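Results of the structural survey
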Amino acid sequence: MNLKDAVEGKEYVVRQIDTEDEDLNAFLFSLGCYSGEHITVVSHLKGGCIVSIKDGRYNIDHQLADAIII
């Protein structure tokens, strides 16, 4: 299941990042989004979703949400 299909308010564990784009991997890693990390979808938006990772909240688009496998 990817992050687009996640239920709002439920905490998940990132299983893997499904992309071959090294820049995208580096960006997600800088946010604290990597395998084994806990992530929560705060809300789904028309263009993406707001997620909580560690102590931060981030707005990510559907392309990123598709790449995050939970």
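Structural data are supplied above this passage.
Read on for a plain summary of the structure. Please read all numbers here as calculations on a predicted model, not as lab measurements.

Attention now goes to the state of the cysteines. In the structure shown here, the tally under the stated rule is zero disulfides. There is no disulfide at Cys33, and the cysteine sulfur nearest it, in Cys49, is 10 Å away.

The next thing to look at is the packing of aromatic side chains. Going through the model one piece at a time under the given rule, you end up with one aromatic pair. Measuring from centroid to centroid gives 5.1 Å for Phe29 and Tyr34, while their planes differ by 40°, and the two rings are tilted. You can call Phe29 exposed: its relative accessible area is 56%. Take Tyr34: its relative accessible area is 28%, and that puts it in the partly exposed class.

Reading the values: rules and limits
- Numbering of residues starts from 1 in each chain and follows the order in which that chain's sequence is written.
- Where local features are concerned, this predicted model is filtered to residues with pLDDT of at least 70; where side-chain atom pairs are given and counted, the filter is 80 or more; whole-chain, interface and lining totals use all residues.
- The basis for every side-chain value is the complete set of heavy atoms in the structure, and neither hydrogens nor water enter the calculation.
- By convention in this document, the label disulfide applies to cysteine sulfur atom pairs within 2.5 Å.
- Aromatic pairs are defined between Phe, Tyr and Trp rings, using the six-membered ring for Trp, whenever the two ring centres lie within 6.5 Å; interplanar angles under 30 degrees are classed as stacked, those over 60 as edge-to-face, and all others as tilted.
- Accessible area is worked out with a 1.4 Å probe on protein chains only. A residue is then buried under 20% of its type maximum, exposed over 50%, and partly exposed in between.

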